[in-house]
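Structure at a glance
Residues per chain, in single letters:
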Amino acid sequence: MRAFRLTAYDAPPSMVQMDVPAPEPDELRLQVAACGLNFADLLMMRGTYQEKVQPPYTPGMEFAGTVDAVGASVTGFRKGDRVAAFAGQGGLAEYALCKAESCVKMPDAMPFTDAAAFLVAYGTSHLALAHRAHLRPGETLVVLGAAGGVGLTAVEIGARMGARVIAVARGANKLAVAQQAGAEICLDSGADPFDLRAELKALGGAHVIYDAIGEPLATPAMRALHPEGRFLTIGFAGGKPPAFPANILLVKNLSVIGLYWGGYLRFAPQIMAESISTLFDWYENGHLRPHISTVLPLEDALDGLQMLRERRSTGKIVITI
């Protein structure tokens, strides 16, 4: 089979020919149809992600395909099932192994490209907004990095939950995408000058901040929160985690809430399963539509990773196999 392999951190992966692997007793083998790219894939390839995978390995943490072989102890799946998987690695290949517990059966009408773009982004935003921040109808939600893979789903889900959504992104094209996803107000972080705190204050402040960027936007956004506001820290695509002044958190009774979606698979899988079930129901009822800006074949996966690195995409980049 063909597969991209990373042999050292910070070195680009290369296409190789490999034997098709056999599943362990608790694994499924998928014939991969599509793999969604995530910013976390880039961090993992540099060795800076919170969960390190030692090279050599095949990148691609989420993918979708058809069950090709079933491990001896696996129940609930059979050959031919269409599934989406969050495996942490392996998706940029023609076949991939994944633990059965990290796989879910797809809705019948869901294309593989949608499934490969769905679990991480929508799962992250739904757990963050519904389970961690307890976003309520009528509250103001500010999404930093609103046109990115997770940010765009936060806009869409926030609007679905009845929030007033303010999208913050760089450039008119990205803001147009966020507006289409349900943002009521759009702020261009590329404007010069740009005072995010002042902009948000003029709009009445915020109840929840959803931050996938970090600095330089995080601290001014935090300063625009209402008392008892909630700041969701999702990721640090800007390269620098925020360092909040604790005195402001104290005086305004603010909460800073972390969300690592993949961790729920280990310590609270039922919460994750219920969230995914809700999201699939919303998808089947036409309330969610993944925004996939770019679809590339496997041989062009490096181009897709570079687009992600340079932030030239909106929504998701999907690689088809």
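Residues numbered from 1 in each chain as written. Predicted model: local features only at pLDDT ≥ 70, side-chain atom pairs only at ≥ 80, totals over all residues. Heavy atoms only, no water.

Focus on the nonpolar core
Formed by 88 residues in total, the largest nonpolar core has its most connected members in Leu 129, Leu 141, Tyr 210, Leu 232 and Trp 261. With seven residues, helix 3 (residues 119-132) is the largest single contributor of residues to this core. One finds Leu 196, Ile 213, Phe 231 and Ala 237 within the second-largest nonpolar core, a separate group that totals 22 residues. (Core = buried A, V, L, I, M, F, W, Y, C linked by side-chain atoms within 4.5 Å. Buried < 20%, exposed > 50% of the residue type's maximum accessible area, 1.4 Å probe, protein only. Helix = DSSP H or I, 4+ residues; strand = E, 2+ residues; numbered from the N terminus.)

Let's talk about unusual backbone geometry
The amide bond that connects Pro 55 to the next residue, Pro 56, takes the cis arrangement and shows omega of 0 degrees. Within the chain, Asp 10 stands out as a residue other than glycine whose phi angle is a positive 70 degrees. As for its placement among the helices and strands, Asp 10 is situated in the loop between strand 1 (2-5) and strand 2 (14-17). Taking the relative accessible area as the measure of exposure, Asp 10 reaches 59% and is therefore exposed. Here the phi dihedral of His 134 falls at roughly 50 degrees; this positive angle occurs in a residue that is not glycine.

Here's the deal with the packing of helix 3 against helix 4 (residues 149-160)
As a packed pair, helix 3 and helix 4 sit with axes 8 Å apart at the nearest point and diverge in direction by 50 degrees. Here helix 4 runs oblique to helix 3, going by the angle between their axes. Like other packed secondary-structure pairs, helix 3 and helix 4 cross with a definite hand, here right-handed. The segment helix 3 lies against helix 4, with Ala 121, Tyr 122, Thr 124, Ser 125, His 126 and Leu 129 engaging Gly 149, Val 150, Thr 153, Ala 154, Glu 156, Ile 157 and Gly 158. Grouping the constituent residues of the contact of helix 3 with helix 4 by class yields six nonpolar, six polar and one charged. (Axes fitted to C-alpha atoms, helices over the stretch in contact; angles between N-to-C directions. Parallel < 35°, antiparallel > 145°, perpendicular 65-115°, else oblique. Left-handed = near helix turned anticlockwise from the far one by under 90°. Contact = heavy atoms within 4.5 Å. Nonpolar A, V, L, I, M, F, W, Y, C, P; charged D, E, K, R; others polar.)

Focus on helix 11 (residues 301-309)
Helical geometry note: an α-helix holds 3.6 residues per turn, so side chains three or four residues apart project in the same direction. All buried positions along helix 11 are accounted for by Ala 301, Gly 304, Leu 305, Met 307 and Leu 308. Taken end-on, helix 11 shows its buried residues confined to a sector of 160 degrees, consistent with a single buried face. Just past helix 11, the residue Arg 311 takes up positive phi, approximately 55 degrees. (Arc of directions from axis to C-beta.)

As for the side chain of Asp 114
Inspection of the secondary structure puts Asp 114 in helix 2 (residues 112-116). Although buried, Asp 114 forms no salt bridge, and the nearest oppositely charged side chain, Arg 289, lies 5.4 Å from it. (Lys, Arg positive; Asp, Glu negative; His and termini not counted. Salt bridge = Lys/Arg side-chain N within 4 Å of Asp/Glu carboxyl O.)

A closer look at the pairing of strand 6 (residues 95-99)
In strand 6, alternate side chains face the same way, and those of Ala 96 and Cys 98 are buried while those of Tyr 95, Leu 97 and Lys 99 on the opposite face are not. With five bridges joining them, strand 3 (residues 27-36) and strand 6 adopt antiparallel strand pairing. Bridge pairing in strand 6 links Leu 28 to Cys 98. (Pairing = 2+ DSSP bridges.)

Observations concerning helix 1 (residues 39-46)
The buried fraction of helix 1 amounts to six of the eight residues, a majority that puts the element mostly inside the structure. Residues of helix 1 that are buried: Ala 40, Asp 41, Leu 42, Leu 43, Met 44 and Met 45. Residues of helix 1 that are buried make contact with strand 3 and helix 11. Positive phi appears at Gly 47, one or two residues downstream of helix 1, with a value of about 80 degrees.

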